[in-house]
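Observations on the three-dimensional arrangement
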Amino acid sequence: MDTDAFIAVHREDWDRLDALTRRRDLDADGIDELIALYQRVATQLSTVRSTNPDPTLTARLSMILNRARLRITGARVPMWAHLRRTLWDDVPAALYDARWAVALCAGLLLLSTLVSGLWFGLDADAREAVVPASQQRLLAQRDFVAYYFQGDASGFAAQVWTNNAWITVQAVVFGVTGFWPVLMLLQNGLNIGLSAGVMAAHGGLGTFFVFILPHGLLEMTCVCVGAGAGLRMFWSWVRPGDLPRAWALARSARALVTVAIGLVPVLLVAGLVEAFVTPSSLPAPVRLGIGIVLWAGFLAVALVRGRQVHRAGVSGDLSEDIVGDRVAVAA
């Protein structure tokens, strides 16, 4: 089938159907025409799918038909239902689908943190080459803890949230390059390890963990999730599998957007913990317990709930009615 000729012949039907779905004052004749055009365009979409499944044309016709179906049936999904499905079904499914890439990123972050922490903690010359001895003492005795008490708590929370979101967005957006998430994880691991090494060398390792873990568990997990989702998009165009490269990349990008939406409220919680819990007067075990409970809750949503909805067929992607066929169909 000649796609250009097919479009030229049937374009008027598609434009007319699209125009009718946008009109609010359809009379009886307009409704009859809408239904007739809906049936006709549905048949044309079936022809496209079975003979020449062009992804752009399939997506366009699918979107027109989806709007027309909603207009004919009068079905409207409440906003709260969309929000619930996104946060309780789509986001966990997308997180679960990216679990191995996220685990790889978490391993890379932990390894770089451990290596740099041991190196700077045990080698005084390496430590002093990066941070002078006078600044090391200030960091261990005052500056590390003082960071969490700067300014108003609500303003600090907003600053932390914005900064963490920016770091995660970089991992997500530039993940398609393949090297940016890896570079970002190594840099974060080096910085955390350096702080841990300096604190340990001056007898402040316990203080380091008390002030870093309550928010850091959730915060660094979000960074690893963003990096993992970005790397999956990179891998989708390197190894697209059975799908055309553009289709595989588009599917990974849509799932990545779903992950990014889910990380927004989680990063907000991490920012609130860093501003209000980490520097609070609560006993250290309580502060650590709050951070561990929130972190475990996030893992439960990603792995337990994610596994449930993933087995039920939820992928975190848009519906086929909107994006068109995921796999080419031949007669």
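Here is what the cut-offs are and how they apply
- Residues numbered from 1 in each chain as written.
- Predicted model: local features only at pLDDT ≥ 70, side-chain atom pairs only at ≥ 80, totals over all residues.
- Heavy atoms only, no water.
- Helix = DSSP H or I, 4+ residues; strand = E, 2+ residues; numbered from the N terminus.
- Buried < 20%, exposed > 50% of the residue type's maximum accessible area, 1.4 Å probe, protein only.
- Core = buried A, V, L, I, M, F, W, Y, C linked by side-chain atoms within 4.5 Å.
- Contact = heavy atoms within 4.5 Å.
- pLDDT = per-residue confidence, 0-100.
- Salt bridge = Lys/Arg side-chain N within 4 Å of Asp/Glu carboxyl O.
- Lys, Arg positive; Asp, Glu negative; His and termini not counted.
- Axes fitted to C-alpha atoms, helices over the stretch in contact; angles between N-to-C directions.
- Left-handed = near helix turned anticlockwise from the far one by under 90°.
- Nonpolar A, V, L, I, M, F, W, Y, C, P; charged D, E, K, R; others polar.
- Patch = residues over 30% accessible without salt bridge, like charges linked within 9 Å, V, L, I, M, F, W, Y side chains within 5 Å.
- Areas by Shrake-Rupley, 256 points an atom, 1.4 Å probe, with all protein chains shown as cover.
- Phe/Tyr/Trp six-rings, centres within 6.5 Å; stacked < 30°, edge-to-face > 60°.
- Lys NZ or Arg CZ within 6 Å of the ring centre and 35° of its normal.

From N to C terminus, the protein chain includes 13 helices and zero strands. Each helix and strand of the protein chain, ordered N terminal to C terminal, gives the series α-α-α-α-α-α-α-α-α-α-α-α-α. Its C-alpha atoms put the protein chain at 80 × 40 × 30 Å along the principal axes. For the protein chain, the residues scored as buried account for 40% of the 331 residues in total.

With 30 residues, the main nonpolar core has L95, M184, L185, V225, V259 and F298 as its most contacted residues. Secondary structure elements with two or more residues in this core: α4 (79-97), α5 (99-122), α8 (153-173), α9 (180-201), α10 (205-238), α11 (245-277) and α12 (284-311). In terms of residue count, the dominant contributor to this core is α10 (ten residues). Every residue in contact with V259, bar those within four places of it in the chain, is listed here: A94, L95, V225 and A229. With 17 residues, the next largest nonpolar core counts I7, V48, L61 and L65 among its residues.

On average, residues of the protein chain carry a pLDDT of 86, and 93% of them reach 70 or more. Here residues 320-331 scores under 50 on pLDDT; set against residues more than four positions off or in separate chains, the count is 37 contacts.

A few words on the pattern of salt bridges. All chains considered together, the criterion is met by ten salt bridges. For R16, the salt bridge goes to E33, with nearest N and O atoms at 2.8 Å. Of the two residues, R16 is situated in helix α1 (residues 3-22) and E33 in helix α2 (residues 28-51); the sequence distance between them amounts to 17 residues. Residue E33 is classed as partly exposed on the basis of its relative accessible area, which comes to 30%. D18 is the salt-bridge partner of R67, the closest N and O atoms lying 2.8 Å from each other. Taken together, the residues span a long stretch of sequence, with R67 in helix α3 (residues 55-73) and D18 in helix α1 at a distance of 49 residues.

As for its placement among the helices and strands, E274 is situated in helix α11. For the buried residue E274, which engages in no salt bridge, the nearest side chain bearing the opposite charge is R287, 12 Å off. Beyond its immediate sequence surroundings of up to four residues, E274 is in contact with Y147, Y148, F156, V160, N164, H215, E219 and P279.

This part is about the side chain of S112. Turning to its location among the elements, S112 is positioned in helix α5. S112 has contacts with L185, L186, G189 and L190, leaving out every residue within four places of it along the chain.

Below, the discussion takes up the packing of α5 against α9. When two helices pack together, their arrangement is given by the angle between the helix axes and by the axis-to-axis distance. One can describe the packing of α5 onto α9 by two numbers: an axis separation of 7 Å at closest approach and a directional angle of 35°. The chirality of how α5 crosses α9 is right-handed. Residues C105, L108, L109, S112, T113, S116, G117, F120 and G121 of α5 lie in contact with α9, whose contacting residues are V182, L185, L186, N188, G189, L190, I192, G193, L194, G197 and A201. Tallied by class, residues from the contact of α5 with α9 come to eleven nonpolar, nine polar and no charged.

Moving on: a nonpolar patch on the surface. Residues W161, V264, L268, L272 and F276 make up a contiguous nonpolar surface patch of roughly 410 Å² in combined accessible area. No other element matches the four residues that α11 contributes to the nonpolar patch.

With that out of the way, let us pick up the packing of aromatic side chains. Throughout the structure, instances matching the rule amount to nine aromatic pairs. On the basis of an interplanar angle of 40° and a centroid distance of 6.1 Å, the ring pair of F6 and W14 is categorised as tilted. Its relative accessible area of 11% is what places F6 among the buried residues. Residue W14 is classed as buried on the basis of its relative accessible area of 0%. Each ring, one from F208 and one from F209, has its centre 5.4 Å from the other, and the planes form 70°; the classification is edge-to-face. Through a chain of ring-to-ring contacts, three or more aromatic side chains come together here, namely F144, Y147, Y148, F208, F209 and F211. A cation over an aromatic ring shows up here: R99 above the ring of Y96, its NZ or CZ 3.9 Å from the ring centre. Positioned over the ring face of F211 is R287, at 5.3 Å from the centre of the ring.

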